[in-house]
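# Reading the structure
Single-letter residue listing:
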Amino acid sequence: MMTGFESRTADVAEVIHSAHLEGGDVTQAFRDDARDYVDGNIDVRELLDRTRRRYGLGVA
């Protein structure tokens, strides 16, 4: 069974891999926010909210 840290790390790696498969990349700002998520400093909702705010999208 994975720890929360391991699960969050795997989730972020999947997101980054998916972006690369689509021909994209992720910004350093996203990587910094993702590190906060992986470390357990923020939850997934805050990670999504930060990303949406960065691109001028409404926050859910």
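From a predicted model like this one, the values you see are computed outputs, not experimental measurements.

Conventions adopted
- Residues numbered from 1 in each chain as written.
- Predicted model: local features only at pLDDT ≥ 70, side-chain atom pairs only at ≥ 80, totals over all residues.
- Heavy atoms only, no water.
- Salt bridge = Lys/Arg side-chain N within 4 Å of Asp/Glu carboxyl O.
- Helix = DSSP H or I, 4+ residues; strand = E, 2+ residues; numbered from the N terminus.
- Buried < 20%, exposed > 50% of the residue type's maximum accessible area, 1.4 Å probe, protein only.
- Axes fitted to C-alpha atoms, helices over the stretch in contact; angles between N-to-C directions.
- Parallel < 35°, antiparallel > 145°, perpendicular 65-115°, else oblique.
- Left-handed = near helix turned anticlockwise from the far one by under 90°.
- Contact = heavy atoms within 4.5 Å.
- Nonpolar A, V, L, I, M, F, W, Y, C, P; charged D, E, K, R; others polar.
- Polar contact = N/O pair within 3.5 Å; in protein donor to acceptor, adjacent residues only side chain to side chain.
- Arc of directions from axis to C-beta.

## Description of the pattern of salt bridges
Under the criterion given, the structure shown has eight salt bridges. We note a salt bridge from arginine 35 to aspartate 39, for which the minimum N-O separation is 3.2 Å. In this structure, arginine 50 engages glutamate 46 in a salt bridge whose closest nitrogen and oxygen atoms are separated by 3.2 Å. Linking arginine 50 with glutamate 46, this pair stays in helix α3 (residues 44–54), spanning four residues, or about one helical turn. When its relative accessible area of 22% is taken as the criterion, arginine 50 is described as partly exposed. For glutamate 46, a relative accessible area of 26% gives the class partly exposed. Connected via shared salt-bridge partners are Asp33, Asp36, Glu46, Arg50, Arg53 and Arg54.

## Notes on the packing of helix α1 (residues 4–21) against helix α2 (residues 28–38)
Interhelical geometry of α1 versus α2 gives an angle of 155° and a closest axis separation of 9 Å. Classified by the angle between their axes, α1 and α2 sit roughly antiparallel to one another. For the crossing formed where α1 meets α2, the hand is right-handed. Residues Phe5, Arg8, Thr9, Asp11, Val12, Val15, Ile16 and His20 of α1 lie in contact with α2, whose contacting residues are Phe30, Arg31, Ala34, Arg35, Tyr37 and Val38. Its residues placed into classes, the contact of α1 with α2 shows eight nonpolar, two polar and four charged.

## Considering the side chain of aspartate 33
Residue position: aspartate 33 is located in helix α2. With relative accessibility at 9%, the residue aspartate 33 sits in the buried group. There is a polar contact of 3.0 Å between the side chain of aspartate 33 and the side chain of arginine 50. For aspartate 33, the side chain forms a polar contact with the side chain of arginine 54, separated by 2.2 Å. The contacts of aspartate 33, once residues within four sequence positions are left out, are Ile42, Leu47, Arg50 and Arg54.

## Quick word on α2
Residue pairs three or four apart in sequence face the same way in an α-helix, which turns once every 3.6 residues. Of the positions making up α2, those classed as buried are Phe30, Asp33, Ala34, Tyr37 and Val38. Buried residues of α2, seen end-on, are gathered within an arc of 145° and therefore sit on one face of the element. The first or second residue beyond α2 is glycine 40, which carries a positive phi of 85°.

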